[in-house]
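Inside the fold
The lines below spell out each chain.
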Amino acid sequence: MNTTAFFEKLQELAESDSALVATLRRSASYPPGLYPPAFPYIEPSLMELGEQRRATAYLVAGCWALAARREKGAPLRLPLAVKALMVNHQQGGKSLEARFTTLLDADPDELPWRLRHLTSQLAAASIAVDWPSLLDDLWQWGSEKRWVQTAWARLFWSASATKAKASVRASRS
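This one's a predicted model, so the numbers in the text were calculated from it and none came from an experiment. (Residues numbered from 1 in each chain as written. Predicted model: local features only at pLDDT ≥ 70, side-chain atom pairs only at ≥ 80, totals over all residues. Heavy atoms only, no water.)

**Points about the overall build of the protein**
Regarding its fold elements, the protein presents 10 helices and two strands. When the elements of the protein are put in sequence order from the N terminus, they spell out α-α-α-α-β-α-α-α-β-α-α-α. Here the protein holds 173 residues, and 45% of them are scored as buried. If you sum the accessible surface of the protein, you get close to 8,800 Å²; carbon and sulfur atoms cover 53% of it. (Helix = DSSP H or I, 4+ residues; strand = E, 2+ residues; numbered from the N terminus. Buried < 20%, exposed > 50% of the residue type's maximum accessible area, 1.4 Å probe, protein only. Areas by Shrake-Rupley, 256 points an atom, 1.4 Å probe, with all protein chains shown as cover.)

**Things to note about the environment of Thr 119**
Following the sequence through the fold, Thr 119 ends up in helix H7 (residues 111–124). Accessibility expressed as a relative area gives 1% for Thr 119, which makes it buried. The spatial distance from the C-alpha of Thr 119 to the C-alpha of Val 60 is 9.6 Å, given a sequence separation of 59 residues. Other than its neighbours up to four places away in sequence, Thr 119 contacts Cys 63, Leu 78 and Trp 131. (Contact = heavy atoms within 4.5 Å.)

**Remarks on the nonpolar core**
Ranked by internal contacts, the top residues of the largest apolar core, which has 53 residues, are Trp 64 and Trp 152. Each residue touching Trp 64, except ones within four places of it in the same chain, is listed here: Phe 7, Leu 10, Gln 11, Ala 14, Leu 20, Val 21, Leu 24 and Trp 131. (Core = buried A, V, L, I, M, F, W, Y, C linked by side-chain atoms within 4.5 Å.)

**Regarding the packing of aromatic side chains**
Per the stated rule, a full pass over the model turns up seven aromatic pairs. Chaining the aromatic ring pairs together yields one cluster made of Phe 100, Phe 156 and Trp 157. The ring centre of Phe 156 lies 5.2 Å from the NZ or CZ of Lys 83, which sits over that ring. (Phe/Tyr/Trp six-rings, centres within 6.5 Å; stacked < 30°, edge-to-face > 60°. Lys NZ or Arg CZ within 6 Å of the ring centre and 35° of its normal.)

**Considering the pattern of salt bridges**
Under the criterion given, the structure shown has six salt bridges. Of the charged contacts, one joins Asp 137 and Arg 77 as a salt bridge, the two residues approaching to 2.7 Å between their closest N and O atoms. One end of the pair, Asp 137, is in helix H8 (residues 131–139); the other, Arg 77, is in the loop between strand S1 (72–76) and helix H5 (78–89), with 60 residues separating them in the sequence. Where Glu 97 meets Lys 94, a salt bridge forms, and the shortest distance between an N and an O atom there is 3.7 Å. In this pair, Glu 97 and Lys 94 both sit in helix H6 (residues 94–104), three residues apart, roughly one turn of the helix. The class for Lys 94 is exposed, based on a relative accessible area of 65%. (Salt bridge = Lys/Arg side-chain N within 4 Å of Asp/Glu carboxyl O.)

**As for the packing of helix H1 (residues 3–16) against helix H2 (residues 19–27)**
H2 packs onto H1 with a crossing angle of 120° between their chain directions and a minimal axis gap of 7 Å. Of the possible angle classes, the one that applies to H1 and H2 is oblique. Between H1, through Leu 10, Leu 13 and Ala 14, and H2, the contact on the second element is made entirely by Leu 20, Val 21 and Leu 24. (Axes fitted to C-alpha atoms, helices over the stretch in contact; angles between N-to-C directions. Parallel < 35°, antiparallel > 145°, perpendicular 65-115°, else oblique.)

**Overview of the confidence of the model for the protein**
The predicted model of the protein has a mean per-residue pLDDT of 89, with 89% of residues at 70 or higher. Long-range and interchain partners of residues 164–173, a stretch whose pLDDT sits below 50, account for 17 contacts in this model, where long-range means more than four residues apart. (pLDDT = per-residue confidence, 0-100.)

**Points about H8**
A large share of H8 lies buried, amounting to eight of its nine residues. Along H8, the residues that are buried comprise Trp 131, Pro 132, Ser 133, Leu 134, Leu 135, Asp 137, Leu 138 and Trp 139.

See below:
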């Protein structure tokens, strides 16, 4: 499944069906993939996926809906978006860093709650997330080598304050 096409399709559907965003927002309060009203919007894109990937797609679609119409600027990969939130909005500092660290260590059962909370904070600050890359990354979350978590940690802690400020300024220009 092409994750970029998946989110383009959601955006297209949202423009013609005002209930889509509300339905997917509501689905975020349920375990991923278990809110029947969301099925007609999501299932056509997931035909060939296994259960774990399906649930992850529902999770990220719900987070996307929570952020819909609130994001501004160019989308950032999640670690850079969190860093930008810390640097540009002076939100949380060490507590936000601790929340990000906890996300990196989250097991599959904790991941939905932690991810929804963090992406809601980003949406409240109008920081756009690169949803396709988030979905791609989360599909690999359970890797024994934890390469996604390592890559996210490197992005987050290597992003300087200057780089984070510049990425948000550039995305809003």
